Amino acid sequence: MKHIIVDYRISEEEELSLVKLGYKILKCPPSNHLYEAVCGHPDMLMHIIDNENVIVHQDMNLDFINILKSLNYNVLLSSNKLIDKYPYDIILNAVNFKNCFMHNIKYTDKTLLKKINYKKIINVKQGYTKCSTAIIKDTGIITSDNAIASIMKEENIDVLLLPPGDIILPGLNYGFIGGCCGMIDENIIAFYGNLKYYAYGKEVMNFLYKHDVKPIFLHDGKLIDRGSIFVIDNYK
């Protein structure tokens, strides 16, 4: 069975939508080291390295770690603590492709860097790299960050560059495209919200169609940034 890792504050409607699709929900426990707006965002608290390894921040809830271990994952702890001040909150917020890894490398957690050092490492100024990037398979991304867009194009990754804004993030002015969605299957992406309420929804729909990806809308409303949606399974 595939498991979906989500912010613990996911709505009942969003949770039910995922359950109806056959997924089991794992709610990521919050960190009291981060400010409230992002304290439960999976992309701030952990990083899926590959099909066997996961890294979590070093103060992660032990019960949650044990669940990941029960799913046959090797769980690593971050070298550094999370702190609710940039750049000490971004240590795990990286973009991880099959052949390359993108982050503000100066602040990437050292344990994570060691595990991906066989990949091409791409350095960017944007520390909230994963928040800023919606990964569409291994062939495309959606982002509002000009530098990320430019660098990914050089890596032959198809890019949809959109203006920032029009995504809800309670407690802050707006959220990011990478934090309101996630690939939940090879050709399916789930959104916290419906693209018909997003200012650039048509552009996103066209981009998804281009990459043969079907969108699933977890609630009928504006997009909400709850941190990237992660999927793991226990079939190794």
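Residues numbered from 1 in each chain as written. Predicted model: local features only at pLDDT ≥ 70, side-chain atom pairs only at ≥ 80, totals over all residues. Heavy atoms only, no water.

## Brief notes about the overall build of the chain
- Regarding its fold elements, the chain presents six helices and 15 strands.
- A compact globule built from 236 residues should have a C-alpha radius of gyration of about 18 Å, and the chain, at 16 Å, falls within 12% of that.
- Reported as C-alpha extents along the three principal axes, the dimensions of the chain are approximately 40 × 40 × 35 Å.
- Across the 236 residues that make up the chain, the buried fraction comes to 54%.
- Approximately 10900 Å² of the chain is accessible, and the part contributed by carbon and sulfur atoms is 51%.
- For the chain, the centre of its 26 positive side-chain charges and the centre of its 27 negative side-chain charges are spaced 3 Å apart. (Helix = DSSP H or I, 4+ residues; strand = E, 2+ residues; numbered from the N terminus. Rg over C-alpha atoms; globule rule 2.2 N^0.38 Å. Buried < 20%, exposed > 50% of the residue type's maximum accessible area, 1.4 Å probe, protein only. Areas by Shrake-Rupley, 256 points an atom, 1.4 Å probe, with all protein chains shown as cover. Lys, Arg positive; Asp, Glu negative; His and termini not counted. Charge placed at Lys NZ, Arg CZ, Asp CG, Glu CD.)

## Points about the packing of aromatic side chains
- Scanning the model with the defined rule gives four aromatic pairs in all.
- Relative to Tyr128, the ring of Tyr86 lies with its centre 5.4 Å away and its plane at 45°, an arrangement referred to as tilted. Of this pair, Tyr86 sits in the loop between β5 (74-77) and β6 (95-96) while Tyr128 sits in the loop between β8 (120-123) and β9 (133-136), and the two are 42 residues apart along the sequence.
- A relative accessible area of 37% places Tyr86 in the partly exposed class. (Phe/Tyr/Trp six-rings, centres within 6.5 Å; stacked < 30°, edge-to-face > 60°.)

## Focus on the nonpolar core
- Within the largest apolar cluster, 36 residues are counted, with the highest numbers of intra-cluster contacts made by Ile5, Met46, Val56, Phe64 and Leu68.
- Those elements giving two or more residues to this core turn out to be β2 (24-28), α2 (42-45), β4 (53-56), α3 (62-70), β5, α4 (110-115) and β15 (230-233).
- If we ignore the near neighbours within four places in the chain, the residues touching Leu68 are Ile5, Met46, Val54, Val56, Tyr73, Val75 and Ile232. (Core = buried A, V, L, I, M, F, W, Y, C linked by side-chain atoms within 4.5 Å. Contact = heavy atoms within 4.5 Å.)

## Concerning unusual backbone geometry
- Following Tyr86, the chain continues to Pro87 via a peptide bond in cis, the omega torsion being 5°.
- Mapped onto the elements of the fold, Pro87 is located in the loop between β5 and β6.
- Phi at Lys137 is positive, roughly 55°, even though this residue is not glycine.
- Assignment of secondary structure puts Lys137 in the loop between β9 and β10 (140-143).
- A relative accessible area of 26% means that Lys137 is categorised as partly exposed.
- With phi around 65°, Asn156 is a residue other than glycine that occupies positive phi space.
- Of note, Asn156 is situated in the loop between α5 (146-154) and β11 (158-161).
- Residue classification places Asn156 among the exposed positions, given a relative accessible area of 72%.

## Looking at the side chain of Lys119
- One can find Lys119 in the loop between α4 and β8.
- Here Lys119 is buried and forms no salt bridge, its nearest opposite-charge partner Asp50 lying at an N-O distance of 6.9 Å.
- Residues within four places of Lys119 in sequence aside, it is in contact with Ile49, Asn96, Phe97, Lys98, Asn99, Cys100 and Phe101. (Salt bridge = Lys/Arg side-chain N within 4 Å of Asp/Glu carboxyl O.)

From the geometry alone we can't say anything about function, so treat these as descriptive.
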